[in-house]
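So you can see what is in the structure, the chains are spelled out below.
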Amino acid sequence: MPTTATGFILLQTGEDGGTIAAADSSGNPLETGASVGHGADVTFTAEPESGYMVESWTVDGEVYTWPGTDEPYRESTLTLENISADRTVTVSFERAAQT
């Protein structure tokens, strides 16, 4: 029997410095509170304002790190695969170093 449960996506940003967007595996945009089918993949995209960069991602209250390390993941996109429950994704921005 197929599973019909869905997950709800909650998008948040830190205080200042940019925005966050989400899309399903077909590239369709998802708004905060959107439901996705059980097993769906969702890609989150951080969009820093000029002079800012990604400081860290938080997934369900935990800092998201590079696999096998304690280093915060700082890339501009993050894909969560096989979603089977509600997920809260937050991105924080920091000022980029001036060169």
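Look above for the structure.
Residues numbered from 1 in each chain as written. Predicted model: local features only at pLDDT ≥ 70, side-chain atom pairs only at ≥ 80, totals over all residues. Heavy atoms only, no water.

1. A short note on the pattern of salt bridges
Note the following rule: Salt-bridge detection follows one rule: a side-chain nitrogen of Lys or Arg within 4 Å of a carboxyl oxygen of Asp or Glu. Segments assigned H or I by DSSP are reported as helices when at least four residues long, segments assigned E as strands when at least two residues long, and all are numbered from the N terminus. Note on classification: 1.4 Å probe, protein chains only; a residue is buried when its accessible area is under 20% of the maximum for its type, exposed when over 50%, partly exposed between these limits.
Overall, the coordinates contain two salt bridges when judged by the stated rule. The closest approach of N and O atoms between Asp60 and Arg87, which form a salt bridge, is 2.6 Å. Residue Asp60 is located in the loop between strand E6 (52–59) and strand E7 (62–63), and its partner Arg87 is located in strand E9 (residues 87–95); the two are separated by 27 residues in the primary sequence. Close ionic contact of Arg74 with Glu94 constitutes a salt bridge, the shortest N to O distance being 3.2 Å. On the criterion of sequence distance, the pair formed by Arg74 in the loop between E7 and strand E8 (77–83) and Glu94 in strand E9 is long-range, its members being 20 residues apart. Residue Arg74 is classed as partly exposed on the basis of its relative accessible area of 40%.

2. Considering the packing of aromatic side chains
The cut-off we apply is this: The rule is short: rings of Phe, Tyr and Trp, with Trp giving its six-membered ring, pair when the centres are within 6.5 Å, and they are stacked under 30 degrees, edge-to-face over 60, tilted in between.
Per the stated rule, a full pass over the model turns up two aromatic pairs. Look at Tyr64 and Tyr73: their rings are 5.6 Å apart centre to centre, the planes differ by 85°, and that puts the pair in the edge-to-face class. The rings of Tyr64, Trp66 and Tyr73 are connected pair by pair, giving a single aromatic cluster.

3. Brief notes about the sheet that holds strand E3 (residues 29–30)
Stated precisely, the cut-off is as follows: Whether two strands pair comes down to DSSP finding at least two bridges between them.
An order of E3-E2-E5-E8 is seen for the four strands of this open sheet, with the pairing classed as antiparallel. Pairing within the sheet leaves two strands with one partner each, and these edge strands are E3 and E8. Two elements, strand E2 (residues 18–24) and strand E5 (residues 40–48), share seven bridges in a ladder whose sense is antiparallel. Bridge assignment links Ala21 to a residue of E5, and that residue is Thr45.

4. Section: unusual backbone geometry
A positive phi angle, close to 55°, is found at Asp60, a residue other than glycine. Although it is not a glycine, Asn82 adopts a positive phi angle of roughly 55°. As for its placement among the helices and strands, Asn82 is situated in strand E8.

5. Structural notes on the nonpolar core
Formally: What makes a nonpolar core is a set of buried Ala, Val, Leu, Ile, Met, Phe, Trp, Tyr and Cys residues whose side-chain atoms join them at distances within 4.5 Å.
One finds Val42, Phe44, Trp57, Leu80 and Val91 to be the most contacted residues of the largest nonpolar core, which totals 20 residues. Put simply, the parts of the chain that give this core at least two residues each are E2, E5, E6, E8 and E9.

6. Considerations on the environment of Phe93
Along the chain, the position of Phe93 falls in strand E9. A relative accessible area of 9% means that Phe93 is categorised as buried.

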